[in-house]
Structures are given as C-alpha cells and as structure tokens.
Amino acid sequence: MSDLAIKIENVTKIYRLYKKPMDRLKESMSFFRKKEYHHKFYALNNINLEIKKGDSIGIVGKNGSGKSTLLKIIAGVLTQTEGQVMVDGKVSALLELGTGFNPEYTGIENIYANGLIMGYSKEEMDTKLDDIVNFAQIGEYIDQPVKTYSSGMFARLAFATAINVDPEILIVDEVLAVGDAKFQIKCINKMEEFKASGKTVLFVSHTLEQIKRFCTKGVWIDQGEMRMFDDVTHVIDMYESEMLKESMAQKALEEGNSLLEVQELDIHLGKIRTVTCSSEKINTFEDFTVDIDYELFDDYIADPLVGVAFYTIDRQYIFGPNTYLDGLKIPNTKGLHHVRYVVPRLPLLGGKYEVDIGLFANKSIVNLDYKTSAFIIEVVADYFTEGLVHIDHNWEIE
Ligand SMILES: Nc1ncnc2c1ncn2[C@@H]1O[C@H](COP(=O)(O)OP(=O)(O)OP(=O)(O)O)[C@@H](O)[C@H]1O
C-alpha cells in the first residue's frame with residue numbers, strides 16, 4: 001500500500017429493487033421458503049482500481065453510471081456488497097449536498113461535528129475555524145441552522161470545511177457546479193494547491209474541460225462497470241467520442257431511420273483491419289514503421305485520421321501523433337485504405353513499450369476504432385544511458 005492511496009478490489013454494489021413496497025414486506029416475512037421478491041441492480045460491478053498517492057483522478061460517466069456510489073464507498077459512507085476497499089490517509093469528502101451535515105445544527109456546529117468525524121479534537125478544530133469561516137464567506141449565516149441555507153451557501157460551507165481540515169485524500173463530487181463562478185475559481189485554486197502539495201484528489205464533474213485541466217488520470221464508469229482507467233486526455237477523448245456517437249445515433253433515430261440502420265451507423269463507420277510493425281524487437285536509433293490498414297464503410301465520413309500512441313508498460317503516455325495534427329489528409333472514401341507510419345531512428349531507450357492505434361473521424365472527435373496495446377515492442381539500447389527517450393544533445397566545454 002506504501003505508494004498507494006486507495007486500492008479497490010472486485011468491488012460490487014448491489015441494490016435490491018422491489019416492484020411494490022409490499023414485496024419488501026412479503027420477502028422479509030418469508031422466513032422458511034426464502035422466496036425472493038426483488039431483482040438485483042448492480043450499481044457497481046467488479047471494480048478494480050489502484051490510485052497512487054498524489055494522483056488527481058477525474059471520474060466521468062453518464063447519469064446513474066455509478067460515480068457517486070464509488071466515491072461514497074471510498075469515503076466510507078456506503079458499504080459495498082462485495083470486494084475490498086483499502087484507503088491510506090485521512091479522507092475528506094464533499095459528496096452530494098447535504099451528506100454529512102445536520103440540518104438542525106448551525107454552520108459552526110456542523111464544522112465541529114465534521115471535524116470530530118475526521119478524528120480532530122475540539123481544540124484542533126478551534127485552530128482551523130477561522131480559515132473555514134473566512135473561506136466560506138457566508139456572513140452571519142454561519143450561526144444559523146444549515147436548513148436555512150441556499151444551495152450555494154451550503155456548497156460554500158461544505159467546501160470550506162472539507163478543504164481546511166488537512167486531509168490526505170480529497171473527494172469532490174460535482175458540488176462545484178452549485179457555487180457561483182467566483183467561488184468555483186477559488187475552489188479550483190485551492191484544489192490546485194492541494195494537488196501541488198502531493199495529496200490525492202478524486203473529482204467527479206460533468207464539465208469535462210474542468211477534469212481535463214485539473215486531473216492527470218481519468219476513470220470512465222459505464223453502467224456500473226469500469227470502461228477505462230488511463231491518462232486523462234485519452235479517457236475524456238474516448239468518452240466524448242462515444243457521447244457524440246450516441247447523440248448521432250439518437251438523431252438518426254429521431255430522423256426516422258430504423259434501429260438496425262442506426263446500429264449500423266453507430267458500429268460500422270470504420271474499422272482498423274490490420275496493424276503490422278517492422279519488428280517487435282528493435283534497437284534504439286533503428287528505423288521503425290507501422291503499416292495500418294483501415295476500412296471505411298461510408299462515403300460521408302468527415303476528416304478521418306489515424307493515430308499512433310506510445311506508452312510505457314505501466315501506461316505512462318509518451319508520444320501520440322496523428323495524421324490530422326501532422327497536416328495529412330488520409331483517404332475518406334468507402335473501402336480499404338493503407339497508411340504507413342514511419343519513424344526514422346527510433347529514439348526510445350531500452351525497455352518494453354505499448355503501442356495503441358486509433359482510427360477517428362471529425363478531427364478526432366468521433367472514435368471509429370481503437371486498439372489499446374495493438375502490439376508491444378521491445379527496444380534494446382546499445383547507447384548507455386537512463387530514461388525513456390534519447391534527446392539529441394551536445395556537450396560544450398569552455
Ligand atoms: N439507495 C438506492 N437504491 C436503489 N438504487 C440506487 C440507490 N442509490 C443509487 N441507486 C442507483 O445506482 C445507480 C448509480 O447511482 P449513482 O448516484 O452512483 O450514479 P452517478 O454516476 O453518480 O449519477 P449522476 O451523474 O446522475 O450523479 C443509479 O442507477 C441509481 O439510481
């Protein structure tokens with residue numbers, strides 16, 4: 001666990017859903033024959049995740065996909081049905097508005113109550129109180145019961161409390177959307193400070209730009225399952241492209257296409273057919289090529305592009321050029337096409353590297369096909385040095 005802040009193993013959360021309230025009662029009364037009146041709903045299904053200390057993780061997914069459920073389980077306010085969650089460090093969680101606050105208590109009383117839950121004494125909270133109250137800036141409302149607060153005031157108090165109690169792990173679930181723009185900027189700045197001091201942040205937001213700017217890694221939860229855990233830009237790109245595909249399919253449905261046609265449109269716009277690299281074992285500074293055959297199934301595909309991305313074995317992103325960024329137009333007509341990616345004098349140093357291949361449309365917004373780790377290359381370096389890539393250089397001596 002030493003460099004891990006959070007480890008989640010095979011976590012599943014099941015809710016029992018009953019058609020009628022009466023069914024719940026009937027089930028509890030059926031002692032002997034144990035008849036079941038519910039069906040199981042998997043809010044999370046077998047999630048595995050390792051989050052390193054200092055990581056800032058953005059969690060995305062459609063409404064109801066399980067993001068808040070995951071955060072609540074990590075924060076310890078909800079128990080998983082199956083699996084293990086290990087958390088190393090003090091957690092401060094800003095969950096849905098209202099969680100963790102007593103509506104009858106005043107702002108001040110809630111600040112102390114929250115501190116107590118996190119394991120701080122009254123004396124310790126006395127020293128933090130001024131920072132919290134100054135950050136929240138809700139004036140004399142701080143002495144009123146929180147049930148009288150507007151949602152914006154509530155968000156201010158919740159954020160001020162969570163960030164000023166010195167947690168090692170900060171969990172922020174969408175609450176920033178509630179505050180006004182000025183307060184949002186203040187919160188993001190505070191979160192940046194928090195991140196810069198090497199602490200761990202988990203952040204759910206439907207504002208993808210916010211996640212892209214703030215987080216280093218992304219998690220995509222889809223119908224309770226983990227679709228992706230990778231470099232944040234990659235996750236957001238794939239997520240956005242899927243959302244766009246879905247809205248294109250929805251539009252086509254609304255325009256009267258049959259479901260079959262829509263499914264065709266959704267799935268079969270294009271496909272990577274074959275990927276062949278010049279050699280899977282290669283020396284540093286050797287020429288390296290990748291031949292990619294792709295097929296398009298329609299003539300109207302706008303601005304297709306092919307990308308190649310290099311990753312380390314533990315998925316650190318190294319380099320990911322694509323034909324569009326390099327100013328090259330590739331064939332966009334129906335049929336089979338071929339592009340060759342050429343690297344003269346491969347500058348990678350010794351080690352194994354994963355290579356992803358992607359086929360996109362609309363200047364990389366629509367993901368047509370993506371092969372994560374299409375192949376792995378082993379690079380042998382005669383050149384004796386350390387690191388990932390060789391950077392051309394000279395030494396000069398006066
Ligand atoms: N107490 C509960 N009983 C039954 N189902 C529940 C309960 N709590 C949550 N769910 C269901 O679990 C699923 C996941 O909910 P969750 O709140 O984690 O989604 P989310 O990704 O955070 O959504 P949003 O983006 O809308 O906040 C949803 O379908 C929700 O209806």
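You'll find the protein chain entered in an unreviewed UniProt entry as Teichoic acid ABC transporter ATP-binding protein, with Acetobacterium bakii given as the organism.

A. Representation of helix 3 (residues 107–117) in the model. Of the residues making up helix 3, those classed as buried are Gly107, Asn110, Ile111, Asn114 and Gly115. In an axial view of helix 3, the angular spread of the buried residues amounts to 140°, which keeps them on one side of the axis. Residues of helix 3 that are buried make contact with helix 4 (122–136) and helix 5 (151–163). Positive phi shows up at Gly119, right after helix 3, with a value of about 95°.

B. Up close: the nonpolar core. Core analysis: the largest hydrophobic core is formed by 48 residues, its most contacted members being Val60, Leu157, Phe159, Met191 and Phe203. When residues of this core are traced back to their parent elements, those giving at least two are helix 4, helix 5, strand 6 (169–173), helix 6 (181–196), strand 7 (200–204), helix 7 (208–214), helix 8 (232–254) and strand 13 (305–312). Ranked by residue count, the leading element in this core is helix 5, at eight residues. Shared between two domains, this core takes at least three residues from each, and those domains are domain 1 (4–236) and domain 2 (269–398). If you look at the next biggest cluster of nonpolar residues, it comprises 29 residues, including Leu296, Val339, Ile357 and Phe375.

C. Geometry of the pairing of strand 16 (residues 351–361). Most of strand 16 is tucked away: nine of the eleven residues are buried. Alignment of strand 13 against strand 16, held across eight bridges, turns out to be antiparallel. In the strand pairing of strand 16, Val306 is matched with Leu359. For strand 16 and strand 17 (residues 366–380), the ladder comprises ten bridges, and the chain directions are antiparallel. Bridged to Val355 within strand 17 is Phe375.

D. Highlighting the sheet that holds strand 14 (residues 317–319). Pairing is mixed in the open sheet, where five strands are placed in the order 11-17-16-13-14. The strands lining the two open edges of the sheet, one partner per strand, are strand 11 (281–283) and strand 14. With strand direction ignored, the average angle separating the axes of adjacent strands in the sheet is 40°.

E. Inspection of the site of the ligand at higher detail. Contacts to the ligand come from 13 residues, most closely from Asn63, Gly64, Lys67, Ser68 and Thr69. In the environment of the ligand, a nitrogen atom lies 3.4 Å from a nitrogen or oxygen atom belonging to the side chain of Tyr15. Within the side chain of Ser68, an N or O atom sits 2.7 Å from an oxygen atom of the ligand. If you list the elements that add at least two residues to the shell around the ligand, you get strand 1 (4–18), strand 2 (38–52) and helix 2 (67–75). For the shell around the ligand, the element with the most residues is helix 2, which contributes three residues.

F. Here's a closer look at the pairing of strand 1. Inspection of the sheet shows strand 1 paired to strand 2 by eleven bridges, in the antiparallel sense. Residue Tyr15 lies in a different strand from strand 2, and its bridge partner there is Phe41. As paired elements, strand 1 and strand 4 (residues 82–87) share five bridges and run antiparallel to each other. Bridged to Ile8 within strand 4 is Val85.

G. Geometry of the packing of helix 3 against helix 4. One can describe the packing of helix 3 onto helix 4 by two numbers: an axis separation of 10 Å at closest approach and a directional angle of 130°. With respect to each other, helix 3 and helix 4 are oriented oblique. Between helix 3 and helix 4 lies a crossing whose hand is right-handed. Side by side, helix 3 and helix 4 meet where Ile108, Ile111, Tyr112 and Gly115 of the first sit next to Lys122, Met125, Asp126, Leu129, Ile132 and Val133 of the second. Here the contact of helix 3 with helix 4 is built from residues that sort into seven nonpolar, one polar and two charged.

H. Just the sheet that holds strand 10 (residues 270–277), in detail. The antiparallel open sheet is built from three strands, whose spatial order is 10-12-15. Sheet topology places strand 10 and strand 15 (335–343) at the edges, where each strand pairs with a single neighbour. When strand polarity is set aside, the average angle formed by the axes of neighbouring strands in this sheet is 20°. Two elements, strand 12 (residues 288–296) and strand 15, share nine bridges in a ladder whose sense is antiparallel. Within the sheet, the bridge partner assigned to Val290 lies in strand 15 and is Tyr341.

I. Structural detail: the side chain of Thr12. One can find Thr12 in strand 1. Aside from chain neighbours lying at most four places away, what touches Thr12 is Tyr42, Leu44, Asn45, Asn46, Gln80, Thr81 and Glu82.

J. Focus on the packing of helix 4 against helix 5. Closest axis-to-axis distance for the helix 4/helix 5 pair is 8 Å, and the angle between their directions is 145°. When the axes of helix 4 and helix 5 are compared, the crossing they make is right-handed. Along the contact surface, helix 4 presents Ile132, Phe135 and Ala136, while helix 5 presents Arg156, Leu157, Phe159, Ala160 and Thr161. Broken down by class, the residue content of the contact of helix 4 with helix 5 amounts to six nonpolar, one polar and one charged.

What counts as what
- Residues numbered from 1 in each chain as written.
- Predicted model: local features only at pLDDT ≥ 70, side-chain atom pairs only at ≥ 80, totals over all residues.
- Heavy atoms only, no water.
- Buried < 20%, exposed > 50% of the residue type's maximum accessible area, 1.4 Å probe, protein only.
- Helix = DSSP H or I, 4+ residues; strand = E, 2+ residues; numbered from the N terminus.
- Arc of directions from axis to C-beta.
- Contact = heavy atoms within 4.5 Å.
- Core = buried A, V, L, I, M, F, W, Y, C linked by side-chain atoms within 4.5 Å.
- Domains from an automatic or database assignment.
- Pairing = 2+ DSSP bridges.
- Axes fitted to C-alpha atoms, helices over the stretch in contact; angles between N-to-C directions.
- Near = heavy atom within 4 Å.
- Polar contact = N/O pair within 3.5 Å; in protein donor to acceptor, adjacent residues only side chain to side chain.
- Parallel < 35°, antiparallel > 145°, perpendicular 65-115°, else oblique.
- Left-handed = near helix turned anticlockwise from the far one by under 90°.
- Nonpolar A, V, L, I, M, F, W, Y, C, P; charged D, E, K, R; others polar.

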